[in-house]
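What follows is each chain in one-letter form.
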Amino acid sequence: KAGVTQTPRYLIKTRGQQVTLSCSPISGHRSVSWYQQTPGQGLQFLFEYFSETQRNKGNFPGRFSGRQFSNSRSEMNVSTLELGDSALYLCASSPAAGKGQPQHFGDGTRLSIL
Amino acid sequence: DQQVKQNSPSLSVQEGRISILNCDYTNSMFDYFLWYKKYPAEGPTFLISISSIKDKNEDGRFTVFLNKSAKHLSLHIVPSQPGDSAVYFCAASGAGSYQLTFGKGTKLSVIP
C-alpha cells in the first residue's frame, strides 16, 4: 500500500513569493492534516481537512491556507513568504472520522526561504 | 504554553538493554496518545498508541504506559537495538479532534 506522498521534496523560494505544496494521502484515507516542523518550535499543527472541509486550524497567520479535493488530495499554500517560514512541512492522513486511528506521515517538503 | 513535554532531549542506551522515554502532558482533555519515531530526512513513523481508557498497550518490543492521574506516559523498548536510534516524539489529541500536539522529541542513541 503506497504511503503518503508529498511533492516537491525540496523547494527554495525568496521572501515575498508564494508557494503551493501538495499531498496525496494513503488510498482510502479521507482526513489530511498539515504540520510545520522547525528546530525552535518543533512540530506544530497547521490545519486538518476531512471531506473537503477544514475541520481544525492551528495558530498560524492567514498567509497559510489549504484545501482538499474530492479525491482527498490536499494542497497548502503560503503567500508572502517570510524567512521564518523556512521549515519542513509534513502532511499526515487518517482513514476517517473517529478516534483510535493514528495519522500516517509523508516525508515532507523542505522549504527554504532566501 | 507547552501542553506536551519531553524533558529529556537525548538518551543513550546500550544495545540489548531497556530504553525508557518519558512524556508529560498538561491538558486533561487529551484522551489519545501516540509515539512516533523519526529518522533524518524522513517523516515521523507511527509506533504505538494508547487510549485514555487503558493504562498499558504492547506491540512487540514496544510498550506504552499511561498514568492519567500523573498526566504521564512512557515508552519502553525492550531489548533496544541500534536500528532504534532515532528521534522519538510523543503526541496527544483529544475532544474528538485529529489535531496532534507534539512534544519536542527525545533523541535515542542505542550503542552497540
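Note that the structure is a prediction, hence the values are computed from the model and not measured.

### Considerations on unusual backbone geometry
At step 1: At the junction of A:T7 and A:P8, the peptide bond is cis and its omega measures out at -10° in the coordinates.
At step 2: With respect to the helices and strands, the residue A:P8 is situated in the loop between β1 (5-7) and β2 (10-13).
At step 3: With omega at -15°, the peptide bond leading from B:V78 into B:P79 counts as cis.
At step 4: Along the polypeptide, B:P79 turns up in the loop between β8 (72-77) and β9 (86-94).
At step 5: Located in the positive-phi region is A:S72, a residue other than glycine, with phi close to 80°.
At step 6: Topologically, A:S72 is positioned in the loop between β7 (64-68) and β8 (74-78).
At step 7: Phi angles above zero are rare outside glycine, and A:T80 is one such case at about 45°.

### Overview of the environment of B:P9
Residues and elements named next belong to chain B.
At step 1: Topologically, P9 is positioned in the loop between β1 (4-5) and β2 (10-14).
At step 2: Spatially, the C-alpha atom of P9 lies 6.5 Å from that of G105, the residues being 96 residues apart in sequence.
At step 3: Leaving out residues up to four positions away in the same chain, P9 has contacts with G105, T106 and K107.

### Quick word on the packing of aromatic side chains
At step 1: Counting across every chain of the model gives 12 aromatic pairs over all chains.
At step 2: Their ring planes at 65° and their centres at 5.6 Å tell us that A:Y35 and A:F45 sit as a pair that is edge-to-face. Taken as a pair, A:Y35 in strand β4 (residues 31-38) and A:F45 in strand β5 (residues 42-50) lie far apart in primary sequence, 10 residues in all.
At step 3: By relative accessible area, which is 6% here, A:F45 ends up buried.
At step 4: Look at B:Y36 and B:F102: their rings are 5.9 Å apart centre to centre, the planes differ by 50°, and that puts the pair in the tilted class. With a gap of 66 residues between them, B:Y36 in strand β4 (residues 30-38) and B:F102 in strand β10 (residues 101-102) connect regions that are remote in the sequence.

### Section: the state of the cysteines
At step 1: Scanning the entire structure with this criterion turns up 2 disulfides over all chains.
At step 2: Note that A:C23 is cross-linked by a disulfide to A:C91, the S-S spacing being 1.8 Å. Handedness of the A:C23-A:C91 disulfide follows from its S-S torsion of about -60°: it is left-handed. One end of the pair, A:C23, is in strand β3 (residues 19-24); the other, A:C91, is in strand β9 (residues 87-94), with 68 residues separating them in the sequence. For the residue pair A:C23 and A:C91, the accessibility class agrees, reading buried in each case.
At step 3: Here B:C23 pairs with B:C90 through a disulfide, and the sulfurs are 2.0 Å apart. One quick way to see it: the torsion about the S-S bond of B:C23 and B:C90 is about -75°, and its sign makes the bridge left-handed. Of this pair, B:C23 sits in strand β3 (residues 19-25) while B:C90 sits in strand β9, and the two are 67 residues apart along the sequence.

Definitions and limits used
Residues numbered from 1 in each chain as written. Chains lettered and ligands numbered in written order. Predicted model: local features only at pLDDT ≥ 70, side-chain atom pairs only at ≥ 80, totals over all residues. Heavy atoms only, no water. Helix = DSSP H or I, 4+ residues; strand = E, 2+ residues; numbered from the N terminus. Contact = heavy atoms within 4.5 Å. Phe/Tyr/Trp six-rings, centres within 6.5 Å; stacked < 30°, edge-to-face > 60°. Buried < 20%, exposed > 50% of the residue type's maximum accessible area, 1.4 Å probe, protein only. Disulfide = S-S within 2.5 Å.

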